[in-house]
Amino acid sequence: MKSNTLFGINIGFRIDWSYVILGLILICIFLLVYLIVTNVKLSKLAKKYDKFMRGRDAETLEEVIYKRFDDIDNLLERDKIKAKQIEDITQNLKIAVQKVGIVKYDAFNEMGGKLSFSLAMLDKENNGYIINAMHSREGCYTYIKEIINGESYIPLGEEEKQALDKALK
């Protein structure tokens, strides 16, 4: 069934209508598959929408949205408070004791047991104190020496120097 006319117009070449029909059938199949895929996606979207709107009217949904905005504002405010608290803690840590060195020794050879000690306590910037406790038969004598930038302006004993070195390392 070949013809030179298309809708009564002479086109100058022969048309094989079987190819035209086959092409139209392929286009219809493609459109049918596309329609099915689109309907599946639409039904998934409708299910999500129904789940979102289930049991809610527009006013209730608006209240939920406003509540969420209030929650976000509260979270932001609490975040600012927490940031301030963290800053305060960081500032306090700069002056807190962070480095410790201790040396136990026998201050007087007759005592034994190494009951005397030198304790160095320093902050982040190597400022702090050395506590020296000397134990004897008569009692315990405690001395404290200030440390600034890892150094003492008062001469240190051997055990105090060792405790300071331990703390600095």
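See the structure shown above.
The notes below deal with the structure included here. (Residues numbered from 1 in each chain as written. Predicted model: local features only at pLDDT ≥ 70, side-chain atom pairs only at ≥ 80, totals over all residues. Heavy atoms only, no water.)

1. Things to note about a nonpolar patch on the surface
On the surface, Y19, I21, L22, I25, L26, I29, V33 and V37 cluster together into a nonpolar patch covering about 790 Å² of accessible area. Mapped onto the secondary structure, L26 falls in helix α1 (residues 17–53). (Patch = residues over 30% accessible without salt bridge, like charges linked within 9 Å, V, L, I, M, F, W, Y side chains within 5 Å. Areas by Shrake-Rupley, 256 points an atom, 1.4 Å probe, with all protein chains shown as cover. Salt bridge = Lys/Arg side-chain N within 4 Å of Asp/Glu carboxyl O. Helix = DSSP H or I, 4+ residues; strand = E, 2+ residues; numbered from the N terminus.)

2. Examining the nonpolar core
Counting nine residues, the largest nonpolar core is built from V103, A120, L122, I130, I147, L156, A163, L164 and A167. Taken together, the elements giving at least two residues each to this core come down to β4 (116–122) and α3 (158–168). In contact with L122, not counting residues within four places along its chain, are A96, V97, Q98, K99, N127, G128, Y129, I147, L164, A167 and L168. (Core = buried A, V, L, I, M, F, W, Y, C linked by side-chain atoms within 4.5 Å. Buried < 20%, exposed > 50% of the residue type's maximum accessible area, 1.4 Å probe, protein only. Contact = heavy atoms within 4.5 Å.)

3. Quick notes on the pairing of strand β5 (residues 128–135)
The pairing of β4 with β5 spans six bridges and is classified as antiparallel. Bridging across to β5, S118 finds its partner in N132. Between the end of β4 and the start of β5, which pair antiparallel, lie five residues, with N126 showing a positive phi angle near 65°. As judged from the eight bridges shared by β5 and strand β6 (residues 140–148), these two strands associate in the antiparallel manner. When the sheet's bridge partners are listed, G128 is paired in β6 with I147. Taking the residues that link successive antiparallel strands as the turn, the β5-β6 hairpin has four residues, and the phi of G139 there is positive, at about 160°. (Pairing = 2+ DSSP bridges.)

4. A closer look at the packing of aromatic side chains
Applying the stated criterion to the full structure yields one aromatic pair. The interplanar angle of 20° and the centroid separation of 6.5 Å between the aromatic rings of F30 and Y34 together place this pair among those described as stacked. On the criterion of helical spacing, the pair formed by F30 and Y34 is a turn pair, its members being four residues apart in helix α1. Taken individually, F30 and Y34 each receive the classification exposed, so the pair is uniform in this respect. (Phe/Tyr/Trp six-rings, centres within 6.5 Å; stacked < 30°, edge-to-face > 60°.)

5. With respect to the side chain of D123
Mapped onto the elements, D123 comes out in the loop between β4 and β5. Summary of buried charges: D123 has no salt-bridge partner, and the nearest side chain of opposite charge, K99, is 6.9 Å away. A distance of 3.0 Å separates a polar atom in the side chain of D123 from the backbone nitrogen of E125. (Lys, Arg positive; Asp, Glu negative; His and termini not counted. Polar contact = N/O pair within 3.5 Å; in protein donor to acceptor, adjacent residues only side chain to side chain.)

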